[in-house]
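Understanding the architecture of this molecule
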Amino acid sequence: MKETQELIMEYLVSDSPYNSHDGYELADVLCKQFCVEYPKELLGILHCCICETVRKTAQNGYYGFSTTKKFYRVDTVNNYVGKILKMYEDLMIRYASDTLGRSFVLELLSLNNETTLSVAFAAMAEAPRQYDDQIRLLLEDNATIGIYLRGDVEFFFLKMLRAWYETLNANDAERYQRALLSYKSEFDFKYDAERRWSQFLCPHLWQDKWVLICNTLLEDHMIPEMRRCYQELLRRFGQKQMVERNYHSVGVAHICGGVVGDETYARWPISNWLNSFLKLGEYKRREGRSAISLREHANAFKKCVSSNPNRFYDFVHEISNMADIQDMYKIAGLEGLLAGGVNPYSLWNLSERYISEEFAKANPYTFSRIVEYYIKEENEYIDKIMELCKTLTISPFSEKSSLFTAEDGKRDMSRRATDMLTKAINSYQGCAAELLVRMCAIPLRRPIVYAFFADNNILLHEYIKTVPLHYLNMEDYYDEELYFPLVKSLLSGMGPEALYLQVNAIQWSFYYRNDVVCNYIDRIEPDPSTHELLVQIYFYGMKGTPISEECERRLEKILAINNEEIVAKLVEAAMKSYEHVEYRDLSVKILEHYASDNREKVVNAYCMHCASLPTEAFNWYCSIAPVYAGKKYQQTHFELGYVKKCISTNPILCYKFISSQRYFETEDASLLDDEIVEVLLEVYKKLRQEEDADAMNEMLDLFDEYVYRDNRVMKAAVALLT
């Protein structure tokens, strides 16, 4: 395996032709054999090689992410580099739900490269529930979204969002739609005064929003405001804009389609639908076209029914009693009527057959989607649904369930906590528990649901406890009088993972309702995996809380262990809190105490979070900033960012700080030289504005050093002067 990795790495970074004999031996012989016999091992090898190739050869790209020449627009069918990439992506999709796959996805995202982002998004699209937290982070910033709507990354990003959106509950789906309604792109107001490209002064206005709406939303589940926006944009752009994969991009698994396109489906007579339900076979091939997927065909039927429920109402009832028609079509018709606004109570006779223990266990997501329409208000059916959900929620997990894996104990605690919740909501027990939580939106049902979770705490699997713990503090379901006793009950049977799932609620309770969580905190505090969060809870609790002395005592106890990661986490919290007056004295005390600690992660914390400090703290930061040989490039990069921020207020101190830092001894100093010189030139420009000749002369020696080092930025600046 090691030799194989070395051969692949050598091939990827070499100048060998794409179709060389070496490529044939690797892609068509060796890797193909390993893909069958040792797929997981091959995934690890390919991941290491591709990531290392990106690190060594990536170049700045036009859109905000880097590109790699060896991988750029490579044909995944007709050359061997493309075949290796295709094999890698197929394996990433295969293991997307695996712990190994998740760790690889996070690394691919961090590289911010066109190829790695495409592969990461393809894998995330395969298991969107498992990457829910990561996807939500990607959507926090409009600028980041705009970056991913460019280049070959766009298709994979949109495919991932579509897959993720289909997993959202009604509340989250509405939040996502409202976020799209307010979405603004940096290209919206790029003017074209001559109107060369279109009749509009701003030809790109709402273009990105339209692409997001067309490619990620389901038309039959739009809220009224989104429906109006959709119709307005459709009139503006004239047609839907569906993003397709470029033929040269990293491939995705083969996608099957329906019998005909959306427009044709909309005109289909009911007789066509009936014949297709009776005769159509799965994955039937058509010459020159993709295979037919019955699932896609059923989804097309649901969409048509929701668009015109009156037309299909009798037909859906008719096929519901036909034994020779598959359930997927009957369910699609029912869901279409429900989504189309038909009174759900008039459809109870159709829905009832799918609101059963047997169906819920086999089809938990479909069960949830149907039940949602019957738990929005008090009605005659809700008692039956509630009792069924209670029974499902406390049902035991199978001993063969994928919940029980040997790798669980090896994951970091944050990952384990996320996985617990993910596995819970992917089980029928978790789906039922989530439905119970949603019933809390009905005031009369709220105390019943809270009481159920509290009374059956012992019967709930630890994973299922994450559902009420995670969701019940949301506004629609929260009851202050009931919430804290329930939290105390749930935490009594949970481990450190609960802290990661609901740290904000536990933190607040620790300060102001200490009786609720004190026993839990005492029980988990000896576990080192909790310390990264506990030190932050104790740090912030030392100011302005009723238990400040207890927080100080507990913090000192953990710091006595002197763990590098925990000290680094505390330094990070102190750096970020310096700007807040109430925490400044405490932050200064901690930061000065650990300033001489030269362990790598501690130095990282000082350097990488110094930009959190205000400019007026620069003089103080200079006095505590770690100075030692061998600083990493990334550490220095963030430090220079803070220096750059302070040039306008204290240019001389900025220059002296750079002079004192021994940046020549930094690892990969040549990569850093350009940044340093650019900052020094800004300092010099500021001093020239202030006519400080003495300070300018002092800087000349440092400039000479970079001229001797043949720095291109320095040489360009000198050339301009001469």
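Residues numbered from 1 in each chain as written. Predicted model: local features only at pLDDT ≥ 70, side-chain atom pairs only at ≥ 80, totals over all residues. Heavy atoms only, no water.

Looking now at the pattern of salt bridges. All chains considered together, the criterion is met by 30 salt bridges. The shortest N-O distance in the salt bridge between aspartate 172 and arginine 175 comes to 2.7 Å. Remark: arginine 175 and aspartate 172 occur in helix α10 (residues 170-181); sequence separation between them is three residues, near one turn of the helix. On the basis of relative accessible area, arginine 175 is assigned to the partly exposed category, the value being 47%. Sharing partners across several salt bridges, the network here consists of Asp522, Glu525, Glu550, Arg554 and Lys557. (Salt bridge = Lys/Arg side-chain N within 4 Å of Asp/Glu carboxyl O. Helix = DSSP H or I, 4+ residues; strand = E, 2+ residues; numbered from the N terminus. Buried < 20%, exposed > 50% of the residue type's maximum accessible area, 1.4 Å probe, protein only.)

Looking at the protein chain as a whole, the pLDDT averages 82, with 82% of positions reaching at least 70. Within the model, pLDDT remains below 50 along residues 282-290, and this stretch shows 20 contacts once partners closer than five positions in the same chain are excluded. Across residues 400-410, confidence stays below pLDDT 50; counting only partners more than four residues off in sequence or on other chains, it has 19 contacts. (pLDDT = per-residue confidence, 0-100. Contact = heavy atoms within 4.5 Å.)

To continue, consider the nonpolar core. Counting residues in each nonpolar core, the largest one holds 154 residues, and the members touching the most others are Trp273, Phe301, Phe367, Tyr374, Phe453 and Tyr621. Tyrosine 374 has contacts with Leu338, Pro344, Tyr345, Leu347, Trp348, Ser351, Ile355, Asn379, Tyr381, Ile382 and Ile385, leaving out every residue within four places of it along the chain. Ranked by size, the runner-up nonpolar core spans 75 residues in total, among them Cys49, Ala163, Tyr183 and Ile213. (Core = buried A, V, L, I, M, F, W, Y, C linked by side-chain atoms within 4.5 Å.)

For the rest of this paragraph, the subject is the packing of helix α24 (residues 446-455) against helix α26 (residues 480-491). Here α24 crosses α26 at 15 degrees, and the two axes come no closer than 9 Å. Taken as axis vectors, α24 and α26 run roughly parallel relative to one another. Considering how the two elements wind past one another, α24 and α26 form a crossing that is left-handed. The residues of α26 that touch α24, namely those facing Arg446, Pro447, Tyr450, Phe453 and Ala454, are Leu482, Tyr483, Leu486 and Ser489. (Axes fitted to C-alpha atoms, helices over the stretch in contact; angles between N-to-C directions. Parallel < 35°, antiparallel > 145°, perpendicular 65-115°, else oblique. Left-handed = near helix turned anticlockwise from the far one by under 90°.)

It is worth spelling out the packing of aromatic side chains at this point. Counting across every chain of the model gives 39 aromatic pairs. Here tyrosine 165 and tyrosine 176 contribute two aromatic rings whose centre-to-centre distance is 5.5 Å and whose plane-to-plane angle is 45 degrees, an arrangement assigned as tilted. One end of the pair, tyrosine 165, is in helix α9 (residues 153-165); the other, tyrosine 176, is in helix α10, with eleven residues separating them in the sequence. A relative accessible area of 4% means that tyrosine 165 is categorised as buried. The buried category is assigned to tyrosine 176, whose relative accessible area is 7%. Each ring, one from phenylalanine 484 and one from tryptophan 508, has its centre 5.6 Å from the other, and the planes form 25 degrees; the classification is stacked. (Phe/Tyr/Trp six-rings, centres within 6.5 Å; stacked < 30°, edge-to-face > 60°.)

Before going further, it helps to examine α10. Helix length check: α10, at twelve residues, gives a terminal C-alpha distance of 17 Å against a target of 16 Å (1.5 Å per residue), a fit within 8%. Those residues of α10 not exposed but buried are Asp172, Ala173, Tyr176, Gln177 and Leu180. Along α10, the residues classed as buried sweep out an arc of 140 degrees about the axis, all on the same side. Taken together, the buried residues of α10 touch α7 (132-138), α9, α11 (207-216) and α12 (224-237). The opening residue of α10 is asparagine 169, an N-cap whose side-chain oxygen sits 3.1 Å from the backbone nitrogen of asparagine 171. (Expected span 1.5 Å × (residues − 1). Arc of directions from axis to C-beta. Polar contact = N/O pair within 3.5 Å; in protein donor to acceptor, adjacent residues only side chain to side chain.)

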